[in-house]
Amino acid sequence: MNRPTGNEAGRVPAQRRHTLHFLRFVHAASPVYLDTEVDMTRLLAHRGAALGGAAGCRRYSVVSYVLAAVGRVLLRHPDANAAYGGRLVPRIVRYASVDAKLTLDKISEGQRAVLAVVLPAVHASSLAEIQRTVDRLRDSAVAEIPELRRVRLLQRLPWPVGRLAFGLGCRLGRRQASMGTVAVSSLGHRPVGRFFSSGGTAVTVGLGQIWDAAVVRDGQVCVAPLLPLSLTFDHRVLDGALAADVLADLKQTLEELDDLVDDPARASSAAPAKRADQPSVR
């Protein structure tokens, strides 16, 4: 049998060096995976009303809603807004601020790469403030995003030096600035259902693509838009019961828009969301 020719072998592109440094760091975690589905009826109604409003209309991305929700939820669960460190003497630090690491799919010098930016204090940021940051990150070239300055430096450093620099930046005292306190990643732009990512934080939230599905409301079958939502947690920091509480709270917050929008009544025409202990999808 003739084998195809023309195979190419070469070094890992410099634009992906930071990813390999990160994977080496995250390998020490003990990830456990949970998932649920979020009824997006009310949220999408609010999103449509904001886009079609006569004054101050704005396009909100689903990622922005999730970032806002993650900030509110982790502030209510401080033991999940934490990090693990130490070798001989393990330590856990609990953070007062919820800083969300958002992953980006960008082209850097002709090479597609996954990059990450930390959005500080998302627990205290409005949906509009978060969206402005998301828009800037989406529309700016890699070289124009100041938060990626350290990543660009890592891409230029030789392997051993870059590995050392990355490790120093991930030490417990510096990790909040470099890694955030929670990570959010989305593949919702593609037909992806559930996916589970470990973002180097105690909690990582993953978004799939919204899809229409049959659900039961008040004994009647209807169609509702569902968001596959995953949560990966580091078992060194928290246990499954707390992680389940966080995921349930996140689901409820997104379905009811609690504390996420200035005027939840704009979505009043949507079907009311159920409480977390009364699942809207069965």
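From a predicted model like this one, the values you see are computed outputs, not experimental measurements. (Residues numbered from 1 in each chain as written. Predicted model: local features only at pLDDT ≥ 70, side-chain atom pairs only at ≥ 80, totals over all residues. Heavy atoms only, no water.)

**Student:** Just checking my understanding: could you explain the side chain of H18 for this structure?
**Tutor:** Its location among the elements puts H18 in helix α1 (residues 17–26). Its relative accessible area of 8% is what places H18 among the buried residues. Setting aside chain neighbours within four positions, we find H18 in contact with V114, L115, V151, L154, Q155 and F166. (Helix = DSSP H or I, 4+ residues; strand = E, 2+ residues; numbered from the N terminus. Buried < 20%, exposed > 50% of the residue type's maximum accessible area, 1.4 Å probe, protein only. Contact = heavy atoms within 4.5 Å.)

**Student:** Is there a simple way to think about the nonpolar core in this case?
**Tutor:** Taken as a class, soluble globular proteins show a tendency for nonpolar side chains to be buried jointly. If you look at the biggest cluster of nonpolar residues, it comprises 54 residues, and the most contacted ones within it are L67, V205, L207, L229 and L254. The biggest single contributor to this core is helix α3 (residues 62–76), with ten residues. For V205, the residues in contact, after removing those within four places along its chain, are V66, V70, A183, V184, S185, L229, S230 and L250. One finds F22, L154, F166 and C170 within the second-largest nonpolar core, a separate group that totals seven residues. (Core = buried A, V, L, I, M, F, W, Y, C linked by side-chain atoms within 4.5 Å.)

**Student:** In this structure, what is going on with the packing of α1 against helix α6 (residues 159–169)? I would like to understand it.
**Tutor:** The relative placement of two packed helices is expressed as an angle between their axes plus a distance between the axes. With their axes 10 Å apart at the nearest point, α1 and α6 run at an angle of 55° to one another. What the angle tells us is that α1 and α6 run oblique. The two elements α1 and α6 meet at a crossing, and its hand is right-handed. Residue-level contacts link R17, H18, L20, H21, F22, R24 and F25 of α1 to W159, G162, R163 and F166 of α6. The residue makeup of the contact of α1 with α6, split by class, is five nonpolar, three polar and three charged. (Axes fitted to C-alpha atoms, helices over the stretch in contact; angles between N-to-C directions. Parallel < 35°, antiparallel > 145°, perpendicular 65-115°, else oblique. Left-handed = near helix turned anticlockwise from the far one by under 90°. Nonpolar A, V, L, I, M, F, W, Y, C, P; charged D, E, K, R; others polar.)

**Student:** I keep staring at the packing of aromatic side chains and nothing clicks. Help me out?
**Tutor:** Centre distance and the angle of the planes are the two values used to describe a pair of aromatic rings. For the structure shown, the criterion picks out three aromatic pairs. A ring pair is formed by Y60 and Y65, whose centres lie 5.9 Å apart and whose planes are at 70°; its orientation type is edge-to-face. (Phe/Tyr/Trp six-rings, centres within 6.5 Å; stacked < 30°, edge-to-face > 60°.)

**Student:** What's the story with the pattern of salt bridges in this structure? I'm lost.
**Tutor:** Between side chains of opposite charge, a pair can form as their charged atoms come close. Following the criterion strictly, the structure yields twelve salt bridges and no others. Measuring nitrogen to oxygen at the nearest pair gives 3.7 Å for the salt bridge that ties D259 to R76. Pair noted here: D259 is in the segment after α8 (240–256) and R76 is in helix α3, with a separation of 183 residues, a long-range link. With a relative accessible area of 54%, D259 lands in the exposed category. Here R76 falls in the partly exposed class, since its relative accessible area comes to 38%. One salt-bridge network, held together by shared partners, links D35, E37 and R194. (Salt bridge = Lys/Arg side-chain N within 4 Å of Asp/Glu carboxyl O.)

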